[in-house]
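If you want the building blocks of each chain, they are given just below.
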Amino acid sequence: IQKNLPTGGHCEAQNKAAKRKELIEVKGNELCAPRNARSSRRHQFLRQVFRLLSLWNAQLFCVTFIKSATRPVSARSLYTGGFQVLLERFNHCVASRGSHDSGIMICDSRAGAIKGKGLDKEVAVSLQSYVFGNPLGKTLTCMHESPLFADSQITVGIQLADIVAACVYSNHYHYYSR
């Protein structure tokens, strides 16, 4: 969630003097970290996030993988495979509306993409080859184009998705760690 600090004469001078960032990002993993389990302020913030999503009739799509310690799978394979599952679920959601709608996935960018070491392009290419080359992928007709990637520092929607994903991850982690 983003907060733009005021600009203009006096405020600009204060911002430069304090050397603080203009954008503030609330990270889901910070809100849901075990060390913050007793924080009533964080719980209240999470309740407000879920209330806001409820007002917008948001629909959530999650993918959770249980990793095997004896048969490890590469992180890239899990990441691209997870996106394929999300694409299938998103396509089903759009198709179930009964109209001829199409959708666009906007995903959290991997910062390394700026330097050519990120996963954004790899994921987009993987999804394109899945949609155009895989028999099951060819049935997914409600996607407008390849996923778009946005920086979560400047995109409130991505921050909200990050917060929800952290809650789901925390819940699954604690459930399967029992």
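Just so it is clear, the structure is predicted and the values come from calculations on it, not from any experiment.

### Considering the nonpolar core
Then, in step 1: The biggest cluster of nonpolar side chains holds 15 residues, and the ones touching the most others in it are Phe-83, Leu-87, Met-105 and Val-123.
Then, in step 2: Secondary-structure elements contributing two or more residues to this core are helix H4 (75–95) and helix H5 (120–133).
Then, in step 3: When residues of this core are assigned to their parent elements, the largest contribution, 5 residues, is made by H4.
Then, in step 4: Not counting residues within four places of it along the chain, the set of residues in contact with Leu-87 comprises Met-105, Leu-127, Tyr-130, Val-131, Leu-140 and Met-143.
Then, in step 5: In this structure, Leu-31, Leu-160, Ile-163 and Val-164 belong to the second largest nonpolar core, which totals 11 residues.

### Overview of the confidence of the model for the chain
Then, in step 1: Looking at the chain as a whole, the pLDDT averages 78, with 81% of positions reaching at least 70.
Then, in step 2: Per-element confidence in the chain is highest for helix H3 (residues 40–55), whose mean pLDDT is 92, and lowest for helix H1 (residues 9–18), whose mean pLDDT is 52.
Then, in step 3: Within the model, pLDDT remains below 50 along residues 1–11, and this stretch shows 29 contacts once partners closer than five positions in the same chain are excluded.

### Focus: unusual backbone geometry
Peptide bonds are trans in most cases, and residues, glycine excluded, mostly fall at negative phi.
Then, in step 1: In this structure, Asn-57 is a non-glycine residue whose phi angle is positive, near 55 degrees.
Then, in step 2: Structurally, Asn-57 can be placed in the loop between H3 and H4.
Then, in step 3: The exposed category is assigned to Asn-57, whose relative accessible area is 64%.

### Quick word on the packing of aromatic side chains
Then, in step 1: Under the definition given, this model contains 2 aromatic pairs.
Then, in step 2: Ring centres 6.1 Å apart and planes at 80 degrees place the aromatic pair Phe-61 and Phe-90 in the edge-to-face group. With a gap of 29 residues between them, Phe-61 in the loop between H3 and H4 and Phe-90 in helix H4 connect regions that are remote in the sequence.
Then, in step 3: According to the relative accessible area criterion, Phe-61 is partly exposed, its value standing at 30%.
Then, in step 4: The exposure class assigned to Phe-90 is buried, which follows from its relative accessible area of 18%.
Then, in step 5: For the pair Tyr-79 and Phe-83, a centre-to-centre distance of 5.0 Å together with 75 degrees between the ring planes defines the contact as edge-to-face. Pair noted here: Tyr-79 and Phe-83 are both in helix H4, with a separation of 4 residues, about one helical turn.

Thresholds applied
- Residues numbered from 1 in each chain as written.
- Predicted model: local features only at pLDDT ≥ 70, side-chain atom pairs only at ≥ 80, totals over all residues.
- Heavy atoms only, no water.
- Core = buried A, V, L, I, M, F, W, Y, C linked by side-chain atoms within 4.5 Å.
- Buried < 20%, exposed > 50% of the residue type's maximum accessible area, 1.4 Å probe, protein only.
- Helix = DSSP H or I, 4+ residues; strand = E, 2+ residues; numbered from the N terminus.
- Contact = heavy atoms within 4.5 Å.
- pLDDT = per-residue confidence, 0-100.
- Phe/Tyr/Trp six-rings, centres within 6.5 Å; stacked < 30°, edge-to-face > 60°.

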